[in-house]
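Spelled out, the chains give:
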Amino acid sequence: MVARDPHRFVNELDDAAIARLIARLESRAKDLVFTKLFDKYAAHLSPHPSAQVLELGCGTGAMTRFLAHRDDFSGKAFGVDQSASFIDAARRFAETENIGERVDFRVGDAHSLDFPAETFDAVFAHTLISHVTDPTTVLREMVRVVRPGGIVAIFDGDYASMTYAFPDHEFGHRMDAALVTASFNNPRIMRDLPRLMPELGLTLQAAWGDAVSEIGTASYFRSFVETYAPYIVKAGLFSAEAVGLWLTAQRQSMEDGTFFASCNYYTYLACRT
Ligand SMILES: C[S@@+](CC[C@H](N)C(=O)[O-])C[C@H]1O[C@@H](n2cnc3c(N)ncnc32)[C@H](O)[C@@H]1O
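This text gives an overview of the structure that appears in the document. Note that the coordinates shown come from a computational prediction; the quantities given were computed from them, not determined experimentally.

### Structural notes on the packing of helix H1 (residues 15-29) against helix H4 (residues 84-96)
Axis separation between H1 and H4 bottoms out at 11 Å; the angle between their running directions is 45 degrees. The angle between the axes of H1 and H4 places the two elements in the oblique class. As H1 packs across H4, the resulting crossing turns out to be right-handed. Between H1 and H4, the contacting residues are Ile-18, Leu-21, Ile-22, Leu-25 and Glu-26 on the first element and Ser-85, Phe-86, Ala-89 and Phe-93 on the second. Of the residues that constitute the contact of H1 with H4, the class distribution is seven nonpolar, one polar and one charged.

Written out as structure tokens, the structure is:
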């Protein structure tokens, strides 16, 4: 068996797995631990109030919808995702939130977009690039569809830094590595962007890192581990028994206030030259 990043192969998942991912994306989007990271760069996505902005890998459209709700944004927000189920959900949520006119969700592949060159004022990818088949091709597409001088923003985790505490450090380290291997096609891609961006015609304007850490209590990392730990077993990296033992210890530490987990996330804001 080999690891198959569920977001890369989302179109091969069954209905129950899709429903679980939709729930995870929506719960993450309501988690303050995480939403503040989007808020830190969202203002840069709208160089003028009526900007046309595209999100690649929008999933259920949570970030695209956040943008559409912002007071400083009166333009149109587009979202593209490879999953028709996610796009259906995104459209439903947008209707419920009364922003149907402000957003446009479409099924598509980030490696080969169905938009003419230089269509958008800004293009962003929020936790997409770690999942795609070929990050360089996706970056090239982002550069193609943004206008000269437009903004390209990439946000994602450096998942090689993701760790959950476990008393047996050696076993815990191997379980961290298995969780990352099972969940992400490109866990170290954020380290490559300073090198890749200039080669693709992007000038870096700003970049910063944030440690997302939960100590004592867990919300973001609880939902993460409950969603993705089963993929460790599916990938054949550990037995169900070993994952169960580790997961039981994580849940116990969440109950008794001794939980610890952390991961570094990075934001890159670049300008198309
Ligand atoms: C972790 S989710 C992020 C969703 C959304 N950006 C958010 O933050 O809520 C990654 C998304 O990337 C999408 N994705 C992965 N590969 C893709 C591709 N080649 N083209 C379009 N979407 C893709 C998945 O379907 C999934 O919805």
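After presenting the structure, the write-up continues.
### What about H4?
Taking 1.5 Å as the rise per residue, H4 with 13 residues should run 18 Å; its terminal C-alpha atoms sit 18 Å apart, in good agreement. All of the buried residues along H4 are Phe-86, Ile-87, Ala-89, Ala-90 and Ala-94. Projected down its long axis, H4 carries its buried residues within an arc of 160 degrees, all on one side. Exposed residues pointing more than 90 degrees away from the buried face of H4 are listed as Glu-95 and Thr-96. The secondary structure elements touched by the buried residues of H4 are H1, helix H3 (62-69), strand S2 (76-81) and strand S3 (103-107). Asn-98, located one to two residues past H4, shows a positive phi value of around 60 degrees.

### Section: the environment of Thr-258
Note on placement: Thr-258 falls in the loop between helix H9 (240-256) and strand S7 (259-272). Judged by its relative accessible area of 53%, Thr-258 is exposed. Through-space distance from the C-alpha of Thr-258 to that of Ala-165 is 9.3 Å; in sequence the pair is 93 residues apart.

Rules used throughout
Residues numbered from 1 in each chain as written. Predicted model: local features only at pLDDT ≥ 70, side-chain atom pairs only at ≥ 80, totals over all residues. Heavy atoms only, no water. Axes fitted to C-alpha atoms, helices over the stretch in contact; angles between N-to-C directions. Helix = DSSP H or I, 4+ residues; strand = E, 2+ residues; numbered from the N terminus. Parallel < 35°, antiparallel > 145°, perpendicular 65-115°, else oblique. Left-handed = near helix turned anticlockwise from the far one by under 90°. Contact = heavy atoms within 4.5 Å. Nonpolar A, V, L, I, M, F, W, Y, C, P; charged D, E, K, R; others polar. Expected span 1.5 Å × (residues − 1). Buried < 20%, exposed > 50% of the residue type's maximum accessible area, 1.4 Å probe, protein only. Arc of directions from axis to C-beta.

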